Amino acid sequence: MLFKGGNNKSVFDKIDDYLVKRGHELVMSIYLSNYNGNNIYVRFDYIRKLAVYKIVWVDLNFFDEKHIEDFISIQMVTKYLSLKIVEVMNKIEYDNSYSLDDDIMGDRVEILSYFKEEPREFIFDRFLPLEWEQLIDPLALIFSYLPRSMEVFLQEIFAKFDGTEEKFNYTKPIKFDLLNGDSLKMFRAVSIEAGTRLYDSGKVTFLEKVDNKYLAIVEDNGPHLILLQSIDNEYVLMWCDCKASYYCKHIYAALLALRNKKFNSFYKVKYVGKEETLLEKVTLGTFYYAFGIVDDKILLVTSDGKWFPTQIIQNGKCVFEVIEDDDECTLSKELEKYKIK
Ligand SMILES: [Zn+2]
């Protein structure tokens, strides 16, 4: 944890040394630790000699401790706002408080406050807990001094207060076992119900393991691409390209197909629109995953989970060749029509 000193001077100690030399006394700090991949250290400091407060912030992802002065931002806080921050922080009644969530990977916020005799820590994962309402004002006041681009952190940190946390949880890794996890609490009941219907009626048309993830196509008023990806042993990312910003019925349908081992490989096609190099001739060149043809376009999938329709006829000739098909040669038969054209 951040505030425990070790043998080696941490980057925080070095920043502190630098600031102490300039007359700063730490009054409060906020550390966003691996929050959406960012590591941002913010301080509210008192400069006794001048009787003023300053906000200091450092983006530790872009930090060079040999040139601290170039990587640290320091801003004077107006008297009115300083007094306001001191006032709201002094009112906070909580003792050391921790609200850690094992389902969350990264996204930790560590607040250290020296406003009362004893320093106090408030540590939470991703969202400020509803019962810590008193921290809203000081956080909002301090963030008002940070660059505009950092407002996104505040929106996410406060998401429990406007009920938008599902939107933020979705698209991030979650602790879940794709094959056996029995807690399905991330899914809404309606998504489970509708997803089961999609699966039962055979709408999961493709499912294949590609590198460390599963890609699936679920047909529901058009195709949807679903990605189920292991991040490490415990965490997974589940994502669908539909408009829903939560774990949707398509993801649930794909999960059911995976658990029932209903694999169905994508077609593999090769682009033959240009002269091949010798290497490409020998190695089969690059190939694409595909899942069908619509309106003279072949539906291609990249291994990182995006799909895009591409014209089959280019410069008057068919530019795709099937290198792996299903047992009925479905794609080859369809593509044959374009070769005659
Ligand atoms: Zn979806």
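Everything below is about the structure printed above this text.
Residues numbered from 1 in each chain as written. Predicted model: local features only at pLDDT ≥ 70, side-chain atom pairs only at ≥ 80, totals over all residues. Heavy atoms only, no water.

**Notes on the overall build of the protein**
Here's step 1: Looking only at helices and strands, the protein has 11 helices and 19 strands in total.
Here's step 2: The C-alpha atoms of the protein give a radius of gyration of 27 Å, which is well past the 20 Å a tight globule of 341 residues would have.
Here's step 3: When the 341 residues of the protein are sorted by exposure, 45% land in the buried category.
Here's step 4: Within the protein, contacts between residues separated by at least 24 positions form 59% of all contacts whose residues are at least 6 apart in sequence.
Here's step 5: Total accessible area on the protein is roughly 18400 Å²; 50% of this is exposed by carbon and sulfur atoms.
Here's step 6: Side-chain charges of the protein comprise 44 positive and 55 negative groups, with the mean position of each set lying 3 Å from the other. (Helix = DSSP H or I, 4+ residues; strand = E, 2+ residues; numbered from the N terminus. Rg over C-alpha atoms; globule rule 2.2 N^0.38 Å. Buried < 20%, exposed > 50% of the residue type's maximum accessible area, 1.4 Å probe, protein only. Contact = heavy atoms within 4.5 Å. Areas by Shrake-Rupley, 256 points an atom, 1.4 Å probe, with all protein chains shown as cover. Lys, Arg positive; Asp, Glu negative; His and termini not counted. Charge placed at Lys NZ, Arg CZ, Asp CG, Glu CD.)

**Some points on unusual backbone geometry**
Here's step 1: Backbone geometry places N315, a non-glycine residue, at a positive phi of 50°.
Here's step 2: When you line up the elements, N315 lands in the loop between β17 (313-314) and β18 (317-318).
Here's step 3: For N315, a relative accessible area of 83% gives the class exposed.
Here's step 4: Despite not being glycine, C329 shows a phi value in the positive range, around 55°.

**Digging into the sheet that holds strand β6 (residues 108-113)**
Here's step 1: Across the sheet, 7 strands lie side by side as β4-β3-β2-β1-β6-β7-β5; this open sheet has mixed pairing. Two strands bound the open sheet, and with one partner strand each, they are β4 (72-76) and β5 (97-99). The average angle at which neighbouring strand axes cross in this sheet is 15°, direction not considered.
Here's step 2: With 6 bridges connecting them, β6 and strand β7 (residues 120-125) associate as antiparallel partners. By the bridge assignment for β7, I111 is matched with F122.
Here's step 3: Together, β1 (24-35), β2 (38-47), β3 (52-59) and β4 form the strand contacts of helix α1 (residues 11-21), whose direction differs from that of β2 by roughly 30°.
Here's step 4: Helix α3 (residues 79-91) rests against β1, β2, β3, β6 and β7 of the sheet, and its axis sits at about 100° to β2. (Pairing = 2+ DSSP bridges. Axes fitted to C-alpha atoms, helices over the stretch in contact; angles between N-to-C directions.)

**Some points on the coordination of the zinc ion**
Think of it this way: four donors in a tetrahedron around the metal ideally sit 109.5 degrees apart, and six in an octahedron ideally sit 90 or 180 degrees apart.
Here's step 1: Every protein donor of the zinc ion is listed here as C240 (SG), C242 (SG), C248 (SG) and H250 (ND1), and their distances to the metal cover 2.1 to 2.3 Å.
Here's step 2: What the 4 donor atoms of the zinc ion show is an angle range of 106 to 116° at the metal, which sorts the shape as tetrahedral.
Here's step 3: The motif formed by the donor residues of the zinc ion, counted along the single chain, is C-x1-C-x5-C-x1-H.
Here's step 4: Since its relative accessible area comes to 3%, C248 is described here as buried. (Donors = N, O, S within 2.8 Å, 3.2 Å for Na, K, Ca; no water. Tetrahedral: all angles 85-135°; square planar, octahedral: opposite > 155°, others 65-115°.)

**Some points on the pattern of salt bridges**
Here's step 1: Tallied over the full model, the rule gives 18 salt bridges.
Here's step 2: E234 is paired through a salt bridge with K175; the nearest N and O atoms lie 3.5 Å apart. Taken together, the positions of E234 in the loop between β11 (223-230) and β12 (235-240) and K175 in strand β8 (residues 174-175) put the pair 59 residues apart, joining distant regions of the chain.
Here's step 3: Relative accessible area serves as the criterion here: at 40%, E234 is assigned to the partly exposed category.
Here's step 4: Residue class for K175 comes out partly exposed when judged on its relative accessible area of 25%.
Here's step 5: Taking the shortest distance from any N to any O, the salt bridge between K268 and E208 comes out at 3.2 Å. You can see K268 sitting in strand β13 (residues 267-271) and its partner E208 sitting in strand β9 (residues 204-210), a full 60 residues away along the chain. (Salt bridge = Lys/Arg side-chain N within 4 Å of Asp/Glu carboxyl O.)

**Some thoughts on the side chain of K268**
Here's step 1: A relative accessible area of 5% means that K268 is categorised as buried.
Here's step 2: Separated by 3.2 Å, the side chains of K268 and E208 make a polar contact.
Here's step 3: When residues no more than four places from it in sequence are discounted, the contact partners of K268 are E208, F287, Y288, Y289, E321, V322, I323 and E324. (Polar contact = N/O pair within 3.5 Å; in protein donor to acceptor, adjacent residues only side chain to side chain.)

**Considering the packing of aromatic side chains**
Here's step 1: Applying the stated criterion to the full structure yields 21 aromatic pairs.
Here's step 2: Their ring planes at 75° and their centres at 5.8 Å tell us that Y35 and F153 sit as a pair that is edge-to-face. Placement of Y35 in strand β1 and of F153 in helix α5 (residues 151-157) is noted, with a sequence separation of 118 residues between them.
Here's step 3: On the basis of relative accessible area, Y35 is assigned to the buried category, the value being 0%.
Here's step 4: Relative to F266, the ring of F206 has its centre 5.2 Å away and its plane inclined at 15°; by these criteria the two rings are stacked. Of this pair, F206 sits in strand β9 while F266 sits in the loop between α9 (249-259) and β13, and the two are 60 residues apart along the sequence. Side by side, F206 and F266 carry an identical accessibility label, which is buried. (Phe/Tyr/Trp six-rings, centres within 6.5 Å; stacked < 30°, edge-to-face > 60°.)

**With respect to the pairing of β7**
Here's step 1: By the criterion of burial, β7 is predominantly enclosed, with 6 of the 6 residues buried.
Here's step 2: Sheet topology places β5 next to β7; 3 bridges connect them, and they run parallel. Bridge pairing in β7 places S99 opposite F124.
Here's step 3: Count of turn residues in the β6/β7 antiparallel hairpin: 6 residues.

**Observations concerning the layout of surface pockets**
Here's step 1: Volume-wise, the largest pocket comes out at about 350 Å³.
Here's step 2: Every residue lining the largest pocket is counted, 20 residues in all, and those nearest its centre are D101, D103, I104, F127 and N169.
Here's step 3: For the lining of the largest pocket, the element with the most residues is helix α7 (residues 165-169), which contributes 3 residues.
Here's step 4: For the lining of the largest pocket, the two domains that each supply at least three residues are domain 1 (11-161) and domain 2 (174-259). (1 Å grid on protein atoms, 1.4 Å probe; cavity = no way out; pocket = protein on both sides within 12 Å on 5 of 7 lines; lining within 4 Å. Points joined across faces, edges and corners; volume = space filled by probe spheres on them. Domains from an automatic or database assignment.)

Any functional reading would require information that these geometric values do not contain.
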